[in-house]
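Summary of the model geometry
Here is how the chains run, residue by residue.
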Amino acid sequence: MSLGAAAWCLVQVFFWLMLVVPTTYQLQRGALLALLLMVAGIVVLRGRWTVHRDILLLSLLTVAASLLFMARGALVGGPGALHVGTVYVLWPLLYLLFIGLLTERERITAFLKTIIVGAIAAGLMGLWLVAEMLGIHVPGISAFLESQGAAVGLYDGYIEYALFNISTLIYSLPFLIAILFVPKHHDLLENRWRILAGVALCLTAVAMLVSGRRMFWLLGLISPLLVAGLFVMTRMPLTQLIVRSAVVFGLVLAILFSALSAFDIRMDALATSFLSAFLFSGGEQSASLRGAQFVDLMEGWIQQPVLGAGHGTTAPEIIRSVEHPWAYELTYVALLYQTGLLGMLIYGLAVGWTFVKAIKIARREPDFAAILVPLLAGMTGFLISNATNPYLSKFDYLWTIFLPVAVINAYLVGRRKRPLQVEASNAGGGSAVRGTCISGANR
């Protein structure tokens, strides 16, 4: 195995660990990341780092805006003004480094496969945790699950479990549906990977049912519509989507109804629990707390609507975490309070550009559509879920946004077909930054 192949294997191992054991084993994963950074540094020094101009400019704009809002937060004494620098400055720059190295379509396809395997592992962990209620107990596995934030709640007619990697399953649900429905003549994955994707989807669907997460349930309801909408926007044929949906959803529903019986879950209890999560008054305690949080954050934003209070600041009345008082479940409302309309415009521009550009590329290139549609489905579903839980405040979840950007970059720099690189002085129409050179592979 060559050094380059070994390095890419390490990348996939690191990515798989992000999916399966996020936020834990920091020392071990930190050592692996340091090794990857050393390899990346060698590649960059050899002049093999390429980022498209638009992506570079958007990245620098968002980082500069983040520094501005961090400075604003520090000036008013925001307790998290410097702490959030990892999320808004350091980690995005690190992801930008890796985006510049991931310019080959085949390398990106490997990430799709890793997500499938990661979803299977995360689904099995969740089901094993719930199965322990039935008397299945293995000391080694139980201890491992406890290290991953394991918790199970038994309620009247439904179950709720918690693991750190439930975020992987939230992303995987729309992602896997899109993988399975991509027409074969568009698809880059072999049949065995489509079978594994089906297994992963079944595990994810059952984990969704027993997770007790209302936003996860909502995502399960809207994911088919989300994927269908992406098919329409990217002009993918819907014929196979309709035919496959009958088979896939028939199988998934059969498994879900079997799970209802196996875990003694009642549909009426699920419906009551689901609806109570959206009642800010008169509902469950967590919903009432979100209601109070919403009012407090909006009242604070009205006082500083354009620039916000600054990154790392707290709302006037509500503190949801003693350890991280600047963090709130209502992620986007908190972001509006802390960065104002200007911040929402800049961050929204970056995400919106990614979505629109990906749709345009998917319309032109079937091979890239097979990659981008699942990634867009997963990203969109994850952004929806992030509205009530700050998943994107951690390094291990930011890949959900930056991986589609890497695919866009690979297309725009044109490396997969005819890389054309000239010196900056000769690149009047160039549009990609390559070390100190410009690549004229704009499309």
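For the structure itself, consult the block above.
Residues numbered from 1 in each chain as written. Predicted model: local features only at pLDDT ≥ 70, side-chain atom pairs only at ≥ 80, totals over all residues. Heavy atoms only, no water.

On to the overall build of the chain. In terms of regular secondary structure, the chain is built from 15 helices and 6 strands. Per-residue burial for the chain yields a buried fraction of 52% across its 443 residues. Sequence separation of at least 24 residues holds for 76% of the intrachain contacts in the chain that already meet a minimum separation of 6. Accessible surface for the chain amounts to roughly 19600 Å². Of this, 68% is attributable to carbon and sulfur atoms. (Helix = DSSP H or I, 4+ residues; strand = E, 2+ residues; numbered from the N terminus. Buried < 20%, exposed > 50% of the residue type's maximum accessible area, 1.4 Å probe, protein only. Contact = heavy atoms within 4.5 Å. Areas by Shrake-Rupley, 256 points an atom, 1.4 Å probe, with all protein chains shown as cover.)

The next subject is empty space enclosed by the protein. Going through the model one piece at a time under the given rule, you end up with 2 cavities of 30 Å³ or more. Contributing to the lining of the largest cavity are M18, L19, S167, T168, Y171, F382, D396, Y397, W399 and T400. Per-element accounting of the lining of the largest cavity gives the leading share, 3 residues, to helix α7 (residues 166–181). Per-class residue counts for the lining of the largest cavity are 6 nonpolar, 3 polar and 1 charged. (1 Å grid on protein atoms, 1.4 Å probe; cavity = no way out; pocket = protein on both sides within 12 Å on 5 of 7 lines; lining within 4 Å. Points joined across faces, edges and corners; volume = space filled by probe spheres on them. Nonpolar A, V, L, I, M, F, W, Y, C, P; charged D, E, K, R; others polar.)

The subject of this paragraph is the layout of surface pockets. Approximately 780 Å³ is the volume found for the second largest pocket. The element contributing the most residues to the lining of the second largest pocket is helix α1 (residues 3–20), with 8 residues. Taken together, the residues of the lining of the second largest pocket break down into 24 nonpolar, 2 polar and 5 charged.

All right, on to the pattern of salt bridges then. Opposite charge on two side chains permits pairing when their charged atoms draw close. Summed over all chains, the structure comprises 4 salt bridges. D396 is the partner of R29 in a salt bridge, and the nearest nitrogen-oxygen pair spans 2.8 Å. With R29 in helix α2 (residues 26–45) and D396 in the loop between α14 (366–385) and α15 (399–412), this pair connects stretches of sequence that are 367 residues apart. The buried category is assigned to R29, whose relative accessible area is 5%. Under the relative-accessibility criterion, D396 is labelled buried at 4%. (Salt bridge = Lys/Arg side-chain N within 4 Å of Asp/Glu carboxyl O.)

What follows covers the nonpolar core. Core analysis: the biggest nonpolar cluster contains 115 residues, and I115, I116, Y161, F175, I265, L375 and W399 have the highest contact counts within it. Among the elements that make up this core, the one with the highest residue count is helix α5 (residues 105–131) (13 residues). Each residue touching W399, except ones within four places of it in the same chain, is listed here: F15, M18, L19, Y95, I115, Y171 and P404. Among the nonpolar cores identified, the runner-up in size contains 10 residues, and W301, Y328, V333 and L336 belong to it. (Core = buried A, V, L, I, M, F, W, Y, C linked by side-chain atoms within 4.5 Å.)

When a strand is regular, its side chains alternate between the sheet's two faces. As judged from the 5 bridges shared by strand β2 (residues 151–155) and strand β3 (residues 158–162), these two strands associate in the antiparallel manner. The partner of G153 across the bridge, within β3, is E160. What sits between β2 and β3 in their antiparallel hairpin is a turn of 2 residues, with G157 showing a positive phi close to 95°. (Pairing = 2+ DSSP bridges.)

Here helix α13 (residues 331–364) spans only 34 Å end to end across 34 residues, well under the 50 Å set by a 1.5 Å rise per residue. Along α13, the largest kink reaches about 115° and is centred on T339. (Expected span 1.5 Å × (residues − 1). Bend = angle between axes of the 7 residues up to and from the residue.)

For the coordinates displayed, the defined rule picks out 14 aromatic pairs. Plain terms: the ring middles of F14 and F395 are 6.4 Å apart, the flat faces sit at 55° to each other, and that makes the pair tilted. Of this pair, F14 sits in helix α1 while F395 is found in the loop between α14 and α15, placing the two residues 381 residues apart along the sequence. As far as the burial class goes, F14 and F395 line up, both buried. An aromatic cluster of three or more residues is present, and its members are F15, F111, Y171, F175, F382, Y391, Y397 and W399. (Phe/Tyr/Trp six-rings, centres within 6.5 Å; stacked < 30°, edge-to-face > 60°.)

Turning next to the environment of G381. Mapped onto the fold, G381 is located in helix α14. For G381, a relative accessible area of 0% gives the class buried. Each C-alpha atom of the pair G381 and P174 lies 6.6 Å from the other, and the pair is 207 residues apart in sequence. In this structure G381 touches P174, L219 and L226, once residues within four positions along its chain are discounted.

Turning to a nonpolar patch on the surface, a few remarks are in order. Among the surface-exposed residues, L68, V306 and L307 lie close enough to one another that they form a single nonpolar patch of about 250 Å² accessible area. Mapped onto the elements, V306 comes out in the loop between α12 (285–303) and α13. (Patch = residues over 30% accessible without salt bridge, like charges linked within 9 Å, V, L, I, M, F, W, Y side chains within 5 Å.)

Right, let's get into unusual backbone geometry. A positive phi is found at T23, a non-glycine position, where the angle reads about 65°. In this structure, T23 sits in the loop between α1 and α2.

Where α7 meets helix α9 (residues 214–233), the closest approach of the two axes is 9 Å, and the angle between their N-to-C directions is 35°. Crossing angle aside, the handedness with which α7 passes α9 is right-handed. Within the contact between the two elements, α7 uses I166, L169, I170, L173, P174, I177, A178 and F181 and α9 uses F216, L219, G220, S223, P224, L226, V227 and F231. Considered class by class, the residues forming the contact of α7 with α9 number 14 nonpolar, 2 polar and no charged. (Axes fitted to C-alpha atoms, helices over the stretch in contact; angles between N-to-C directions. Left-handed = near helix turned anticlockwise from the far one by under 90°.)

Our next topic: the environment of F368. By secondary structure assignment, the location of F368 is in helix α14. Under the relative-accessibility criterion, F368 is labelled buried at 1%. Sequence spacing of F368 and T109 is 259 residues, and the spatial spacing of their C-alpha atoms is 9.8 Å.

At a separation of 2.9 Å, a polar atom in the side chain of R29 contacts the main-chain carbonyl oxygen of T24. Residues in contact with R29, not counting those within four places in the same chain, are F14, L17, M18, V21, P22, T23, T24 and D396. (Polar contact = N/O pair within 3.5 Å; in protein donor to acceptor, adjacent residues only side chain to side chain.)

A few words now on the packing of α9 against α14. Two numbers describe how α9 lies on α14: the axes approach to 10 Å, and their chain directions differ by 145°. Considering only the axes of α9 and α14, their crossing is right-handed. Contacts from M215, L219, I222, L226, V227, L230 and F231 in α9 reach V373, L376, A377, T380, G381, I384 and S385 in α14. Along the lines of polarity and charge, the residues of the contact of α9 with α14 split into 11 nonpolar, 3 polar and no charged.

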